[in-house]
Amino acid sequence: MKNKEIPKGLRDFLPEEVKARRKMEQKALKLFRSYGYEEVATPTFEYLEVIEAGTGRNSWEELYLFIDREGRILSLRPEMTVAIARMAATHLREAVFPQRLCYIANVFRHVQPQEAQYREFWQMGIELLGVSGARADAEVISIAVETLHAMGLDNFKISLNQIEIFNSLLADSGLAEEEKRLVRRLVENKDLVELGRVLNNTKIEDGLKEIIARLPVLHGGIEILDRLGPVEKNRRAAQAVAELSKVYEDLRAYGVNDHVVIDMGVLRGLDYYTGIVFEGYSSELGYGLLGGGRYDNLLQQYGFPCPATGFAIGMDRLALVLRGLDEEPARFLVGGADWNLVVKKAQELREQGYIVETDVQQCTREELAIKAEKMGNRRVVFV
């Protein structure tokens, strides 16, 4: 075979990269389990109608699709929340709720590859199923904060919003669906100039227009909700503001509010979100590290009404901003003329917690020393 390339947007992982990822996984699972979350796994691909039911047809261009021998269209999973919603609706109808689930998985999207964005990437996250309310949202958000702390990050923020504030205001605008999608994209991208131009060319009532134009710049502590404007006339928006305030207050019990900001521009891209939404950012990376929120209607798509909330962390992006690996045990290279003694000594060192490689090439002491120097960070024991 002459072509040794791999498909665009995919990667090989060398030992140090795999080691870093495994450490991330271990830390995350330890934290998730301490809160009662149990690990689950789903198939790598699903029927297309399952994915469509959760994400909508607007996600087609990012899906990897293929046809099985029975003629049914399949899709590699583009994310995990939909897969877990389908799994819960299939297997957990008679379970005692709430159900706390966690996962670590690879997912696939046909995107334009660039730094921190690949076509196969890894996510780890949690889903809290069967319970609504501010305390459930606060638990999930606090675990997101603790997870980033556990990975060694300090300089990060979780941007928090309630998506119904935007949705209900937009519903009052009288805009056509295409115009609503455009306004949504401009608010998410914080494109103030274009947003202002688009709004000025509509017939939206001036007061509502002013509130929508202000959304992308409303970012800060809980006090920014007072700058939102008079939303009392819109009952859904007023209720959403009150819910956002309650979640923020409930987070104080976890002591994580220094990492949490209110951001009216956080809307999340997927249509299944229904309430509190949030994203995590580090100043060291121009991409989001994590995202999540409440999706109370998603499981209904699979015939199982059940409120839910959760988040996913992009492991590939997180790896770009993590500090160096935790200090490892010392590494030994053990050799000698007597193989029984070599194996015995190596076992003794492993039992003491060291990383030990045995010389299987029957090197001399001098050859072993040269090899250890080339390999780096190896102590030689010759018996």
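Right, let's walk through the structure included here. Keep in mind that this is a model prediction, so the values were computed, not measured.

Right, let's get into unusual backbone geometry. A cis geometry characterises the amide bond from phenylalanine 97 onward to proline 98, with omega recorded as 5°. Mapped onto the elements of the fold, proline 98 is located in the loop between helix H3 (81–91) and strand S5 (99–108). Phi is positive for lysine 190, which is not a glycine, with a value near 55°. Considering the arrangement of structural elements, one finds lysine 190 in the loop between helix H6 (177–188) and helix H7 (192–200). Owing to a relative accessible area of 37%, lysine 190 belongs among the partly exposed residues under this scheme. One non-glycine residue with positive phi stands out, namely glutamine 362, at about 60°. Residue placement: glutamine 362 occurs in the loop between strand S14 (355–358) and helix H12 (365–375).

Before going further, it helps to examine the sheet that holds strand S15 (residues 378–382). In space, the three strands of this open sheet follow the order S14-S13-S15, with parallel pairing throughout. Both outer strands of the open sheet, S14 and S15, are each paired with one neighbouring strand and no more. Ignoring strand direction, the axes of neighbouring strands in this sheet form an average angle of 25°. Sitting on the sheet, helix H11 (residues 339–351) touches strand S13 (331–335), S14 and S15, and the angle it makes with S14 is about 170°. Across the sheet, H12 touches S13, S14 and S15, and the angle it forms with S15 is around 165°.

With respect to the helices and strands, aspartate 296 occurs in the loop between strand S11 (288–294) and strand S12 (308–314). Relative accessible area serves as the criterion here: at 24%, aspartate 296 is assigned to the partly exposed category. For aspartate 296, the contacting residues outside a window of four places in its chain are Thr274, Cys306, Pro307 and Ala308. Within polar-contact distance, the side chain of aspartate 296 engages the side chain of arginine 294 at 2.7 Å.

Moving on to the environment of methionine 315. One can find methionine 315 in helix H10 (residues 315–321). Taking the C-alpha atoms as reference points, methionine 315 and valine 247, 68 residues apart in sequence, are found 26 Å from one another. Apart from the residues lying within four places of it in its own chain, the contact partners of methionine 315 are Arg21, Met24, Glu25, Ile104, Trp122, Gln123 and Met124.

So, about the side chain of histidine 259. Checked against the element boundaries, histidine 259 lands in the loop between helix H9 (235–251) and strand S9 (260–263). Using a relative accessible area of 14% as the deciding quantity, one classes histidine 259 as buried.

This paragraph deals with the packing of aromatic side chains. As enumerated under the stated definition, the model contains eight aromatic pairs in all. Here the aromatic cluster, defined as three or more aromatic residues joined through ring pairs, consists of Phe32, Phe278 and Phe311. In this structure, arginine 11 packs its charged tip against the face of tyrosine 118, placed 3.6 Å from the ring centre. Geometry around tryptophan 122 places arginine 21 over its ring, the cationic atom sitting 4.3 Å from the centre.

Another point: the state of the cysteines. Counted according to the given criterion, the structure contains zero disulfides. Note on cysteine 306: no disulfide assigned, nearest cysteine sulfur contributed by cysteine 102 at a separation of 17 Å.

Right, let's talk about helix H2 (residues 48–55) for a bit. Of all eight residues that make up H2, six are buried, and the element is covered over most of its length. Leu48, Val50, Ile51, Glu52, Gly54 and Thr55 are the residues of H2 that are buried. In this structure, the buried side of H2 is in contact with strand S2 (45–47), strand S3 (65–67), strand S4 (73–76) and H3. Glycine 56 sits one or two positions beyond H2 and adopts a positive phi of about 85°.

Among the nonpolar cores identified, the biggest contains 100 residues, and Leu160, Val183 and Leu318 are the most heavily contacted of them. Setting aside anything within four residues of it in sequence, one finds leucine 160 in contact with Ile141, Leu244, Val247, Leu251, Val260, Val261, Ile262, Asp263, Ile276, Val277 and Phe278. With eight residues, the next largest nonpolar core counts Ala330, Val334, Leu349 and Val356 among its residues.

The rules we used
Residues numbered from 1 in each chain as written. Predicted model: local features only at pLDDT ≥ 70, side-chain atom pairs only at ≥ 80, totals over all residues. Heavy atoms only, no water. Helix = DSSP H or I, 4+ residues; strand = E, 2+ residues; numbered from the N terminus. Buried < 20%, exposed > 50% of the residue type's maximum accessible area, 1.4 Å probe, protein only. Pairing = 2+ DSSP bridges. Axes fitted to C-alpha atoms, helices over the stretch in contact; angles between N-to-C directions. Contact = heavy atoms within 4.5 Å. Polar contact = N/O pair within 3.5 Å; in protein donor to acceptor, adjacent residues only side chain to side chain. Phe/Tyr/Trp six-rings, centres within 6.5 Å; stacked < 30°, edge-to-face > 60°. Lys NZ or Arg CZ within 6 Å of the ring centre and 35° of its normal. Disulfide = S-S within 2.5 Å. Core = buried A, V, L, I, M, F, W, Y, C linked by side-chain atoms within 4.5 Å.

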